[in-house]
Amino acid sequence: HRKIVFVRRAGIGLPRRKILLPEYFTVTKSNRYFPVILTAMTYPISVKGVLVHDDCVLLLLNERGEWDLPGGRPDPGEDFPAALKREIREETGLNAEIGAALDEHVFEVLPTVFVRIVPFACRLVGSPEVTLSHEHLETCWMPLGELVPTMRGHPLPKGYLGAIRQAADQPRSP
């Protein structure tokens, strides 16, 4: 999802030029002196954990009928790994070690409602027995080899699928 913007180059008589903007930028001003001024749009942040155990990833079914990764919004002043560790514990009852940050993306949760997703590779510490919170309807440990955009009749958002594949490709610590 990139915006295509046509901008006039600085100076008189120079042709307009096509540029691609990442989805989180917007044009705020354009005239002959300032060809284009870009402003990063800010979205609420949600940290997500790609929790892989025995070649399976933990997925949670949310109230919108989509597969989700455990996680949520950091509290004010809370760093991302601490927030994610807390959210995983609250949503699943599991303990996790938070690893490397994965590629971020902007996700349209509902029409015109966007959230910046900051995923992390995670490692399970302790038992894989999930205690599901009231925030989700169902849980499953899905084998990595069986991941597709729609599983058990419910979609797995593209950005989450990409984060899972990225985490699965990382070397595993003992």
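Concerning the overall build of the chain
Then, number 1: Helix and strand counts for the chain come out as two helices and 14 strands.
Then, number 2: Surface summary for the chain: the accessible area is close to 10,200 Å², and the carbon and sulfur share equals 55%.

Focus: the nonpolar core
Then, number 1: Grouped together as the largest cluster of nonpolar side chains are 24 residues, with contacts concentrated most on V50, V57, L59, L147, L156 and I164.
Then, number 2: The dominant element in this core, judged by the number of residues it contributes, is helix α2 (residues 158-168), at five residues.
Then, number 3: In contact with V50, other than residues within four places in its own chain, are V57, L69, L102, F120, A121, C122, A163, I164 and A167.
Then, number 4: By size, the runner-up hydrophobic cluster in this structure holds 15 residues, among which are V47, A83, L94 and F120.

Quick word on the confidence of the model for the chain
Then, number 1: Chain-level statistics for the chain give a pLDDT mean of 82 and a share of 75% at 70 or above.
Then, number 2: For residues 1-15, every residue scores under 50 in pLDDT, and the model assigns this stretch 40 contacts once sequence neighbours within four places are set aside.

As for the pairing of strand β11 (residues 113-125)
Then, number 1: As defined by bridge partners, strand β5 (residues 45-53) adjoins β11 across eight bridges and the pair is classed as parallel. Bridged to G49 within β11 is F120.
Then, number 2: In this sheet, β11 lies alongside strand β9 (residues 95-101) in antiparallel orientation, the contact comprising five bridges. Directly across from A96, in β11, lies its bridge partner L124.
Then, number 3: Taken together, the five bridges between strand β10 (residues 105-110) and β11 define a ladder with antiparallel strand orientation. If you follow H105 over to β11, its bridge partner there is I117.
Then, number 4: Hairpin connection of β10 to β11: two residues between the antiparallel strands, including T112 at a positive phi of 70°.

Looking at the pattern of salt bridges
Then, number 1: Applying the stated criterion to the full structure yields ten salt bridges.
Then, number 2: A salt bridge links R86 to E87; the shortest N-O distance between them is 3.2 Å.
Then, number 3: Through salt bridges with shared partners, a single ionic network connects D75, E78, R86, E87 and E90.

Some points on the side chain of E87
Then, number 1: On the secondary structure map, E87 appears in helix α1 (residues 80-92).
Then, number 2: Within the structure, the side chain of E87 is placed 3.2 Å from the side chain of R86, a separation counted as a polar contact.
Then, number 3: For E87, the residues in contact, after removing those within four places along its chain, are G71, G72 and R73.

Re the packing of aromatic side chains
Then, number 1: The tally for this structure, following the rule as stated, stands at two aromatic pairs.
Then, number 2: Where Y43 meets F114, the ring centres are 5.6 Å apart and the plane angle is 45°; that geometry is what we call tilted. Placement of Y43 in the loop between β4 (37-40) and β5 and of F114 in strand β11 is noted, with a sequence separation of 71 residues between them.
Then, number 3: Measuring from centroid to centroid gives 5.7 Å for F107 and Y160, while their planes differ by 40°, and the two rings are tilted.

Overview of the side chain of H136
Then, number 1: For H136, the position within the fold is in the loop between β11 and β12 (138-143).
Then, number 2: Here D68 takes part through its side chain, which lies 3.5 Å from a polar atom of the side chain of H136.
Then, number 3: Ignoring sequence-local partners within four residues, the contact set of H136 consists of L60, L61, N62, D68 and E91.

Some points on the environment of V118
Then, number 1: For V118, the position within the fold is in strand β11.
Then, number 2: Between the C-alpha atom of V118 and that of G71, which follows or precedes it by 47 residues, the distance is 9.6 Å.

Considering unusual backbone geometry
For residues besides glycine, phi is generally negative; the peptide bonds are generally trans as well.
Then, number 1: At D54, a residue that is not glycine, the phi angle is positive and equals roughly 50°.
Then, number 2: Summarising the element assignment, D54 is placed in the loop between β5 and β6 (56-61).
Then, number 3: At T112, a position not held by glycine, the phi torsion is positive, near 70°.
Then, number 4: Judged by its relative accessible area of 67%, T112 falls in the exposed class.

Conventions used here
- Residues numbered from 1 in each chain as written.
- Predicted model: local features only at pLDDT ≥ 70, side-chain atom pairs only at ≥ 80, totals over all residues.
- Heavy atoms only, no water.
- Helix = DSSP H or I, 4+ residues; strand = E, 2+ residues; numbered from the N terminus.
- Areas by Shrake-Rupley, 256 points an atom, 1.4 Å probe, with all protein chains shown as cover.
- Core = buried A, V, L, I, M, F, W, Y, C linked by side-chain atoms within 4.5 Å.
- Buried < 20%, exposed > 50% of the residue type's maximum accessible area, 1.4 Å probe, protein only.
- Contact = heavy atoms within 4.5 Å.
- pLDDT = per-residue confidence, 0-100.
- Pairing = 2+ DSSP bridges.
- Salt bridge = Lys/Arg side-chain N within 4 Å of Asp/Glu carboxyl O.
- Polar contact = N/O pair within 3.5 Å; in protein donor to acceptor, adjacent residues only side chain to side chain.
- Phe/Tyr/Trp six-rings, centres within 6.5 Å; stacked < 30°, edge-to-face > 60°.

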